[in-house]
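Per-entry structural report
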Amino acid sequence: MTVTALDSSSALVIIDLQNAIVDAPTVPYTGSEVVARAVELARAFHEYGAPVVLVRVTARADGSDAAPGRNEIPSLPGSLPHGWDAIVDDLADHPDDITVTKRTWGAFYGTDLDLQLRRRGVTQIVLSGLTTSIGVESTARTAYEHGYHVTLATDAMADLDIEAHRNSIERIFPLLGETGSTPEIVELLAKTRD
């Protein structure tokens, strides 16, 4: 389904576009393509005075603040390079942007994201970022459960696995909200704000 509406109180939420993550081998778009589209969305939201939220994931070097559950994927060996968790330069340093730091997949758990959005009267979020099936999908699910209208900029997200990306886009996202391209969302935003 193509996105049909944006609330006048929409916010853009950009997931994990940070130094180490955008260099990962993502599909169907590269990290730099996702960043370019997220920048386009952020410019439009800034132009209309709508909130932009930059979500970053981080962890202590010793892993003491990581989610404690067991899983079948081993943790990364060694330490991560300094600055791995910094938001990419193309998106960093806009004075009005809200930065949220998370330590799990989704942007709501253990953060003040919901509080920041509700203080600003936000009723709808537009999501983009990396990766589609993990950070973006987890955040979309929780946004839906919190009662937000959810729009997913499907050309402004990518995944490490094409099948995981397709599953989110084709099967999960239609249950949580509406999907659209960056140009469609920018056009709707302009109509909402005029």
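The structure presented is a predicted model; accordingly, all values stated were derived computationally and were not measured. (Residues numbered from 1 in each chain as written. Predicted model: local features only at pLDDT ≥ 70, side-chain atom pairs only at ≥ 80, totals over all residues. Heavy atoms only, no water.)

1. Considerations on the sheet that holds strand β3 (residues 98–102)
The condition is simple: Any two strands with at least two DSSP-identified bridges between them are counted as paired. The way it works is that DSSP assigns letters per residue, a run of H or I at least four long becomes a helix, a run of E at least two long becomes a strand, and they are numbered from the N terminus. To obtain each axis, a line is fitted to C-alpha atoms, and for helices this fit is confined to the stretch in contact; angles are then taken between N-to-C directions over 0 to 180 degrees. Contact criterion: two residues are considered in contact whenever any of their non-hydrogen atoms come within 4.5 Å of each other.
Strand order across the open sheet formed by six strands is β3-β2-β1-β4-β5-β6, with parallel pairing between neighbours. Each end of this open sheet is capped by a strand with a single partner; those strands are β3 and β6 (178–180). Sheet twist, expressed as the mean angle between neighbouring strand axes with direction ignored, is 25°. Across five bridges, strand β2 (residues 52–57) lies against β3 in parallel orientation. Bridge pairing links V57 to K102 in β3. Against the sheet, helix α5 (residues 162–176) makes contact with β5 (149–158) and β6, and its axis sits at roughly 165° relative to β5, the strand it touches most.

2. Describing the environment of T132
One can find T132 in helix α4 (residues 132–145). Between the C-alpha atoms of T132 and I162, which are 30 residues apart in sequence, the distance is 9.7 Å. When sequence neighbours within four positions are dropped, the list of residues in contact with T132 reads E137, M157, A158, D159, H165, S168, I169 and F173.

3. Let's talk about the pairing of β5
We apply this condition: Remark: exposure states derive from per-residue accessible area (1.4 Å probe, protein chains only) relative to the maximum for the residue type, with buried under 20%, exposed over 50%, and partly exposed in between. The handedness of a crossover follows from its direction of travel: if, with the strands pointing away from the viewer, the path from the first strand over the helix to the second runs clockwise, the crossover is right-handed.
Most of β5 is tucked away: nine of the ten residues are buried. Note that strand β4 (residues 124–130) and β5 share six bridges and pair parallel. By the bridge assignment, I125 is partnered in β5 with V150. One crossover worth recording links β4 to the parallel β5 by way of α4, and it is right-handed.

4. Some remarks on helix α2 (residues 31–47)
The cut-off we apply is this: Residue count minus one, scaled by 1.5 Å, sets the expected span of a helix.
The first and last C-alpha atoms of α2 sit 24 Å apart over 17 residues, in line with the 24 Å expected at 1.5 Å per residue. Buried residues of α2: G31, V34, V35, A38, V39, L41, A42, A44 and F45, and no others. Summarising the contacts, the buried residues of α2 are in contact with β1 (10–15), α1 (19–22), β2, β4, β5 and α6 (182–193). G49 lies just past α2 and shows a positive phi near 70°.

5. Quick notes on the packing of α2 against α6
Using the following cut-off: Angular relationships are summarised with four words: roughly parallel below 35 degrees, roughly antiparallel beyond 145, roughly perpendicular across 65 to 115, and oblique for the angles in between. Charged means Asp, Glu, Lys or Arg here, nonpolar means Ala, Val, Leu, Ile, Met, Phe, Trp, Tyr, Cys or Pro, and polar covers whatever is left, Gly included.
The contact between α2 and α6 brings their axes to 10 Å, and the two run at 0°. Accordingly, the angle class assigned to the pair α2 and α6 is roughly parallel. Residues R37, E40, L41, A44 and F45 of α2 lie in contact with α6, whose contacting residues are T182, I185, V186 and L189. Residues of the contact of α2 with α6, tallied by class, amount to six nonpolar, one polar and two charged.

6. Thoughts on the side chain of T154
In this fold, T154 is placed in strand β5. Sequence-distant contacts of T154, defined by excluding residues within four places in its chain, comprise Y29, H165, I169, T179 and G180.

7. Points about the packing of aromatic side chains
Short version of the rule: When two rings of Phe, Tyr or Trp (its six-membered ring) have centres within 6.5 Å they constitute a pair, described as stacked for plane angles under 30 degrees, edge-to-face for angles over 60, and tilted for the intermediate range. To sit over a ring, a charge needs its Lys NZ or Arg CZ within 6 Å of the ring centre and within 35 degrees of the ring normal.
In this structure the tally under the stated criterion is one aromatic pair. Note that R37 overlies the ring of Y29, its terminal NZ or CZ placed 4.5 Å from the centroid.

8. Examining the pairing of β1
Counting buried residues in β1 gives six out of six residues, a clear majority hidden from the surface. Burial of β1 is two-sided: the residues S10, L12 and I14 facing one way and the residues A11, V13 and I15 facing the other way are all buried. When β1 meets β4, the two strands line up parallel, connected through six bridges. Bridge pairing in β4 links A11 to I125. As paired strands, β1 and β2 are joined by four bridges and run parallel to one another. Each residue of the ladder has a partner; that of L12, found in β2, is V52.

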